[in-house]
Amino acid sequence: MTTNEHNIAPPYVEQAEIRRQCSLCDAIEQKLFSMGFSEANRPGYFIQTFGCQQNEADSERMAGLAWRMGYRPVATPAAAQLILVNTCAIREHAEKKALSIIGTYKHIKEASAHVIIGVGGCMVTQKHRADQLKNSYPYVDFAFDTGALHLLPELIYHAMTGGRRQFVSSDTYAVAEGLPSHREKPFKAWLSIMYGCNNFCSYCIVPYVRGRERSRRPEAILEEARRLIAEGAKDITLLGQNVNSYGKDIGSVDIASLMRQICALPGDFRLRFMTSHPKDASDALIAAMAEEEKIVPHFHLPVQSGSDEVLRRMNRRYSAEQYLCIIEKLRRSVPDVSITSDIIVGFPGETQADFQATLDLIKAVRYDAIFSFIYSPRKGTPAAAMDGQIPKEISSQRFQRLLSLQQEISRERNQRFVGRTVRALCEEVSKTDPGKMTARGDSPRPIHFADTGARIGEYCDLKIVSADTFSLYGELQEKKNGA
Ligand code: SAH
Ligand code: SF4
Ligand code: F3S
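Predicted model, so just to flag it, every value in this text is computed and none were measured. (Residues numbered from 1 in each chain as written. Chains lettered and ligands numbered in written order. Predicted model: local features only at pLDDT ≥ 70, side-chain atom pairs only at ≥ 80, totals over all residues. Heavy atoms only, no water.)

(A) A look at the packing of aromatic side chains. If you walk through the whole model with that rule in mind, you get seven aromatic pairs. Plain terms: the ring middles of Y203 and F347 are 6.3 Å apart, the flat faces sit at 85 degrees to each other, and that makes the pair edge-to-face. Taken together, the positions of Y203 in the loop between strand 8 (194-195) and helix 7 (206-210) and F347 in the loop between strand 13 (338-345) and helix 13 (352-365) put the pair 144 residues apart, joining distant regions of the chain. The class of Y203 is buried, set by a relative accessible area of 10%. Among the residues examined, F347 registers a relative accessible area of 0% and is labelled buried. An angle of 35 degrees between the planes, with centres 6.1 Å apart, marks the rings of Y318 and Y323 as tilted. For the pair shown, Y318 and Y323 are each scored as buried. Through pairs of rings, three or more aromatic residues link up here, namely Y203, F347 and Y375. (Phe/Tyr/Trp six-rings, centres within 6.5 Å; stacked < 30°, edge-to-face > 60°. Helix = DSSP H or I, 4+ residues; strand = E, 2+ residues; numbered from the N terminus. Buried < 20%, exposed > 50% of the residue type's maximum accessible area, 1.4 Å probe, protein only.)

Right under this line is the structure:
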């Protein structure tokens, strides 16, 4: 097993290389313009993103590069001259979905041969998947792994100028600073503070497809945070596979001190972070959450299982009791904290008693919400070779039981907000009711309220009048001046 190696600076992509890629962006723009496109008539790009927030953040950088090359976003792949797919490998379902979508692009390429199709992300970082794309998806022009995102301009230029298909894998997983980025909502921002994972949980593909933990330099993060705030970001989420081990590879900074430095920046914004590993959930981080008003009191602290034996075989390196101690400490310091978790059901060898221990832990913690997953064997991970793989019917039954228990708890937990007036960021028109808006406050649950003039991207005060399992319902209160 690999453990954290302290104070070894991560590799950084040379700024000269970033400048080279940017000059290729200019060359691509020239080429597009020579093909009849113009500033007013840009060709379209379409990015299909699978997976977690890290991938969403990476897709924003792909979008930033595409914009820099002279493309503009379009709503469908059929309308695009450049199609990029950012894939995920966390479960089999994610891979199947990506492959089936990529399959549908065959017709687009047949209809217009000059359309460029590229595939990046975690799925293609696995050699067997890159080979599969190479051999069975001849209309894919290039693939690039998670460490080679900054090479996108080179790959596109190469495809445009009739070069051979490229399948790039980076062996260094270097940190690339200074790439442009394009966000859909200016008020909501992902901010990657580190990449990779050293934990090697026995079921998980992430360490194999995202490399070892690399922390960005705090100055670069602060500079980006300042820029985001200046551009109107009001809700910033710090991202990493294991954010609370931030800084261990560079020394002299940790997640708590980084968050305090960001909170000290002037501006009306809230700060979130994800995801945390319980073994690194430090007192300093809990104290920062208790003391800093800008940090949203929400802790996503995945437990995965309530059984010590399963946790041991998962290589999680804590017991259920240790986990419960952290929860107790957290609730003592931040009494109204919202706590959410990830749970895997049907891990190899999970007995009925192990599963019962998970249900017991859920009852003890009383989470606000849980993301639960049926275990999916991942090629090359230790758990995939373990004895006692659980039949699908049993996993599905357990999954359903877990879901109904959690739904009952969520419904009860959400009631605590009823009667309170909360400050929330108005994010979008409700997906299910165009007469309503959806906002987000401190609770992980969306708040729906009748649209009486609150504007998207602004804070508003909402009186919570009711709550169910998945949502809160509010009434707009008089808006604060300047909110
Ligand atoms: N770094 C984060 C999240 C990683 S992936 C963490 O450590 O919590 C998000 C979630 O996917 C995990 O928390 C886990 O619950 C789930 N997951 C990971 N690998 C899985 C697998 N092979 N099968 C099913 N769920 C999985
Ligand atoms: Fe995967 Fe998270 Fe474990 Fe890392 S800490 S191996 S990302 S589940
Ligand atoms: Fe998927 Fe990669 Fe994220 S495997 S969950 S996109 S880190």
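(B) Focus on the pattern of salt bridges. Tallied over the entire structure, the rule returns 38 salt bridges. D58 is the partner of R61 in a salt bridge, and the nearest nitrogen-oxygen pair spans 3.4 Å. Taken together, the residues span about one helical turn, with R61 and D58 both in helix 2 (residues 53-69) at a distance of three residues. Assessed through its relative accessible area of 4%, D58 is described here as buried. Note that R270 and D442 form a salt bridge whose closest N and O atoms lie 2.8 Å from each other. (Salt bridge = Lys/Arg side-chain N within 4 Å of Asp/Glu carboxyl O.)

(C) Quick peek at the sheet that holds strand 18 (residues 459-467). Taken in spatial order, the five strands close into a barrel running 15-16-17-19-18, and their pairing is mixed. Within the sheet, the average angular offset between the axes of one strand and its neighbour, ignoring direction, is 55 degrees. When strand 16 (residues 436-440) meets strand 17 (residues 446-450), the two strands line up antiparallel, connected through five bridges. Bridged to T438 within strand 17 is H448. (Pairing = 2+ DSSP bridges. Axes fitted to C-alpha atoms, helices over the stretch in contact; angles between N-to-C directions.)

(D) Seen up close, the sheet that holds strand 11 (residues 270-274). Within the open sheet, the three strands sit side by side as 7-10-11. Their pairing is parallel. Edge positions in the sheet fall to strand 7 (188-192) and strand 11, since each of these pairs with one other strand and no more. Mean inter-strand twist for the sheet, computed between neighbouring axes without regard to direction, equals 25 degrees. Of the strand pairs in this sheet, strand 10 (residues 235-239) and strand 11 are connected by five bridges, and their pairing is parallel. Within strand 11, the position partnered with L238 by the bridge is F273.

(E) Looking closely at the pairing of strand 14 (residues 369-374). Pairing analysis gives six bridges linking strand 13 to strand 14, with the strands arranged parallel. The residue of strand 14 that forms the bridge with T340 is A369. Between the parallel elements strand 13 and strand 14, the chain passes through helix 13 in a crossover that is right-handed. (Right-handed = clockwise from strand over helix to strand, strands pointing away.)

(F) Inspection of the site of ligand 3 at higher detail. Neighbouring ligand 3 are G51, C52, N55, C88, A89, I90, C122, R210 and Q241. Grouping the amino acids of the shell around ligand 3 by side-chain chemistry returns five nonpolar, three polar and one charged. (Near = heavy atom within 4 Å. Nonpolar A, V, L, I, M, F, W, Y, C, P; charged D, E, K, R; others polar.)

(G) Representation of the nonpolar core in the model. Ranked by size, the top nonpolar core spans 68 residues in total, and within it L238, I262 and F299 carry the most contacts. Ranked by residue count, the leading element in this core is helix 9 (residues 255-263), at six residues. In terms of nonpolar packing, the next biggest core, distinct from the first, is built from 30 residues, M62, Y71, L82 and L152 among them. (Core = buried A, V, L, I, M, F, W, Y, C linked by side-chain atoms within 4.5 Å.)

(H) Examining helix 3 (residues 92-111) more closely. With 20 residues, helix 3 ought to run about 28 Å at 1.5 Å a step, and its terminal C-alpha atoms sit 30 Å apart, in line with that. Among all positions of helix 3, only A94, E95, A98, L99, I102, Y105, I108 and K109 are buried. On the buried face of helix 3, the contacting elements are strand 1 (44-49), strand 3 (82-87), strand 4 (116-121), helix 4 (122-125) and helix 5 (127-136). (Expected span 1.5 Å × (residues − 1). Contact = heavy atoms within 4.5 Å.)

(I) Focus on the environment of P77. Counting through the fold element by element, P77 comes out in the loop between strand 2 (72-73) and strand 3. Spatially, the C-alpha atoms of P77 and M437 are 28 Å apart, while their sequence positions differ by 360 residues.

(J) The confidence of the model for the protein, seen in detail. Residues of the protein with pLDDT of at least 70 account for 97%, and the chain-wide mean is 94. Within the model, the stretch residues 1-7 combines pLDDT values under 50 with 19 contacts to residues more than four positions away or in other chains. (pLDDT = per-residue confidence, 0-100.)

(K) Spatial organisation of the side chain of E29. Of note, E29 is situated in helix 1 (residues 15-34). This buried residue, E29, is left without a salt bridge; R42 holds the nearest opposite charge, at 4.3 Å. Those residues in contact with E29, other than ones at most four positions away along the chain, are E39, R42, R68, M69 and G70. (Lys, Arg positive; Asp, Glu negative; His and termini not counted.)

(L) Geometry of the packing of helix 9 against helix 10 (residues 283-291). Contact pair helix 9 / helix 10: the axes reach a minimum separation of 8 Å and the direction vectors enclose 25 degrees. Relative to helix 10, the element helix 9 lies roughly parallel. Note that helix 9 runs across helix 10; the crossing there is left-handed. Residues I255, A256, M259 and R260 of helix 9 touch helix 10, and the partners they reach there are A284, L285, A287, A288 and E291. Taken together, the residues that form the contact of helix 9 with helix 10 break down as seven nonpolar, no polar and two charged. (Parallel < 35°, antiparallel > 145°, perpendicular 65-115°, else oblique. Left-handed = near helix turned anticlockwise from the far one by under 90°.)

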